[in-house]
Amino acid sequence: MDQTVKSRIEIIQGDITKQSPDAIVNAANCSLLGGGGVDGAIHRAAGPELLEECRTLGGCKTGQAKITKGYKLPAKFVIHTPGPVWHGGKQNEEALLNSCYVSCLTLASENGCKTVDFPSISTGVYHFPLDKAAKIAISAIAGYMSRHPEIERVRMVCFDARTKEYYENALENLK
């Protein structure tokens, strides 16, 4: 992988609701109406206007993405993507997770976003194995960025040190 692409991908530990890129990604459910984990935190931090706008979107299919304003968040936009629930890898989960990242970055490009922050999609209550998820995420992000220089920086904002370590290893081992 081109070193310039790798240098535009950062891995940090922190609270995604406190970050100020052009867009943050919400690991949403298909209703887009809020939930637990990252989804609930983003909805709480953005305020009730986010839920109001999400109600107008008609949900979102797994692996796809929709964009809203960021409201009270430091980020201008929230890109919502429902990740796949892990069923042992037998229900196209890896391709769907890859699609989440590509769909989000496509929407970011279409909306003039130069910086995007992602959480670790599907690795919480959806039980996607962290090692597989990190490799898929980093590969999808790097592949997209190699073809789209308008995306200047992508950051993985990891909830804890263990998650951060998996993403750092995936970035380090990216071919």
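Relevant structure appears above.
As a starting point, this report considers the structure included with it. The structure presented is a predicted model; accordingly, all values stated were derived computationally and were not measured.

## Details of the overall build of the protein
Counting its secondary structure elements, the protein contains 6 helices and 6 strands. Counting helices and strands in the order they occur from the N terminus, the protein gives α-β-β-α-α-β-β-α-β-α-β-α. The C-alpha atoms of the protein give 15 Å as radius of gyration, which agrees with the globular expectation for 175 residues (16 Å, within 12%). Counting only C-alpha atoms, the protein reaches 40 × 35 × 30 Å along its principal axes. Sequence-distant contacts in the protein: of pairs separated by 6 or more residues, those separated by 24 or more amount to 68%.

## Here's the deal with the sheet that holds strand E5 (residues 115-118)
To summarise the sheet geometry, strands pair through backbone hydrogen bonds and adopt either a parallel or an antiparallel arrangement. The strand order across the open sheet formed by 6 strands is E1-E6-E5-E2-E4-E3, and the pairing between neighbours is mixed. The sheet is open, and its two borders are formed by strand E1 (9-13) and strand E3 (66-69), each paired with just one other strand. Within the sheet, the average angular offset between the axes of one strand and its neighbour, ignoring direction, is 25 degrees. Inspection of the sheet shows strand E2 (residues 23-28) paired to E5 by 2 bridges, in the parallel sense.

## Examining helix H5 (residues 130-147)
The end-to-end C-alpha distance of H5, which contains 18 residues, comes to 26 Å, matching closely the 26 Å that a straight helix rising 1.5 Å per residue would cover. Within the span of H5, buried status applies to Leu 130, Ala 133, Ala 134, Ile 136, Ala 137, Ile 138, Ala 140, Ile 141, Ala 142, Gly 143, Tyr 144 and Met 145.

## Brief notes about the nonpolar core
Counting 41 residues, the largest nonpolar core has Tyr 101, Phe 118 and Tyr 167 as its most contacted members. For this core, the secondary-structure elements that each account for two or more residues are E1, E2, strand E4 (77-82), helix H4 (93-110), E5, H5, strand E6 (153-158) and helix H6 (161-172). The element contributing the most residues to this core is H5, with 11 residues. Not counting residues within four places of it along the chain, the set of residues in contact with Phe 118 comprises Ile 16, Val 25, Tyr 101, Cys 104, Leu 105, Ile 141, Val 154, Arg 155, Met 156 and Val 157. Residues Ile 16, Ala 46, Cys 54 and Ala 75 belong to the second largest nonpolar core, which totals 13 residues.

## Quick look at the packing of aromatic side chains
Overall, the coordinates contain 2 aromatic pairs when judged by the stated rule. Measuring from ring centre to ring centre gives 4.8 Å for Tyr 101 and Phe 118, while their planes differ by 40 degrees; the resulting arrangement is tilted. Taken together, the residues span a long stretch of sequence, with Tyr 101 in helix H4 and Phe 118 in strand E5 at a distance of 17 residues. Side by side, Tyr 101 and Phe 118 carry an identical accessibility label, which is buried.

Parameters and conventions
Residues numbered from 1 in each chain as written. Predicted model: local features only at pLDDT ≥ 70, side-chain atom pairs only at ≥ 80, totals over all residues. Heavy atoms only, no water. Helix = DSSP H or I, 4+ residues; strand = E, 2+ residues; numbered from the N terminus. Rg over C-alpha atoms; globule rule 2.2 N^0.38 Å. Contact = heavy atoms within 4.5 Å. Pairing = 2+ DSSP bridges. Axes fitted to C-alpha atoms, helices over the stretch in contact; angles between N-to-C directions. Expected span 1.5 Å × (residues − 1). Buried < 20%, exposed > 50% of the residue type's maximum accessible area, 1.4 Å probe, protein only. Core = buried A, V, L, I, M, F, W, Y, C linked by side-chain atoms within 4.5 Å. Phe/Tyr/Trp six-rings, centres within 6.5 Å; stacked < 30°, edge-to-face > 60°.

These results come straight from atomic positions and should not be treated as a statement about function.
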